[in-house]
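Coordinate inspection notes
The chain contents come next:
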Amino acid sequence: MTSPPDDHPSEISRSLLRSPWFASLPRELQAALQARGVCRAFAPGERIFSRGDAPCGLYTVLDGAVRITAFSEHGKEAILTLIEAPQWFGEITLFDAGTRTHDARAEPSTRLWQIPQAALNQLLQARPDYWQHFGRLLTEKLRLAFIALEDAALYPAPVRLARRLLQMSQSGVTGDNAGTRTSLALPQEVLGAMLGISRQTTNQILRDLEAQGLITLSRSMITLVDLPGLRTMASLPDKSNRGG
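Computed from a predicted structure; not experimentally measured.

Here we take up helix α5 (residues 117-126). Of the residues making up α5, those classed as buried are Q117, A119, L120, L123 and L124. Seen from one end, α5 has its buried residues packed into an arc of 160°, which puts them on one side. Of the exposed residues in α5, the ones pointing more than 90 degrees away from its buried face are Q122, Q125 and A126. In this structure, the buried residues of α5 make contact with α3 (27-36), β3 (58-63), α4 (92-96), β8 (110-115) and α6 (131-154).

What follows concerns the packing of aromatic side chains. Inspection of every chain in the model, using the stated rule, returns 7 aromatic pairs. Taken together, a centroid distance of 5.1 Å and an interplanar angle of 70° make the contact between W21 and W88 edge-to-face. Taken together, the residues span a long stretch of sequence, with W21 in helix α2 (residues 20-23) and W88 in strand β6 (residues 88-89) at a distance of 67 residues. Pairing W21 with F134 gives two aromatic rings, centres 5.7 Å apart and planes at 55°, and the pair type is tilted. Taken together, the residues W21 in helix α2 and F134 in helix α6 connect sequence positions 113 residues apart. Given the relative accessible area of 3%, W21 is considered buried. Residue F134 is classed as buried on the basis of its relative accessible area of 0%. The ring of F49 has R100 sitting right over it, with the charged end atom 4.1 Å from the ring centre.

Reading guide: rules and limits
Residues numbered from 1 in each chain as written. Predicted model: local features only at pLDDT ≥ 70, side-chain atom pairs only at ≥ 80, totals over all residues. Heavy atoms only, no water. Buried < 20%, exposed > 50% of the residue type's maximum accessible area, 1.4 Å probe, protein only. Helix = DSSP H or I, 4+ residues; strand = E, 2+ residues; numbered from the N terminus. Arc of directions from axis to C-beta. Contact = heavy atoms within 4.5 Å. Phe/Tyr/Trp six-rings, centres within 6.5 Å; stacked < 30°, edge-to-face > 60°. Lys NZ or Arg CZ within 6 Å of the ring centre and 35° of its normal.

Right under this line is the structure:
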């Protein structure tokens, strides 16, 4: 783990408040999580934790991204998701005090805000009413997991890919700005691995979307050009047509 720069508390606070979950917390809980946290910097590919590790707390991505993966006994990697700013992760072991369920590594150079497990346990022992807020974080992840299972069971690869792009475009964006994050720093092989399709198939679908004028492609970057059109392909309602 590399040494992080000295981060000013106001800069950290602004970064944390980008998270819809954190922004919805009571002010005193926000202050407690900021006071008990520490900034960690990781080099590309550096391990944050591995499957089977003891609990080490709760994290949020300040900048960069975290790859959550699993490996078969033959060493084949499955990329489950890519966690970007300002998403939180690591809450499962907060509830069951079990070991880590998957591997987590920095994708590019990444800064995380970590609240150590011991500090969280002390906080929740003193304020058990705070558990409901962490429960909401866990159930939000469960909801996304069920959506992913449903997509895999019901939709062909092009629709699933479009839905995943739209989901990532909305990550951490709330209110009137929902869905306006249009540039995704996402290698095609990572996107394909997240959906369980080959890199070749992923590339072909993306090229088809580009030919339709829905996206543009550049090196490790996907830009969503036509969000309403992408929503139509993904069988989702067009948010731009909502009534007042």
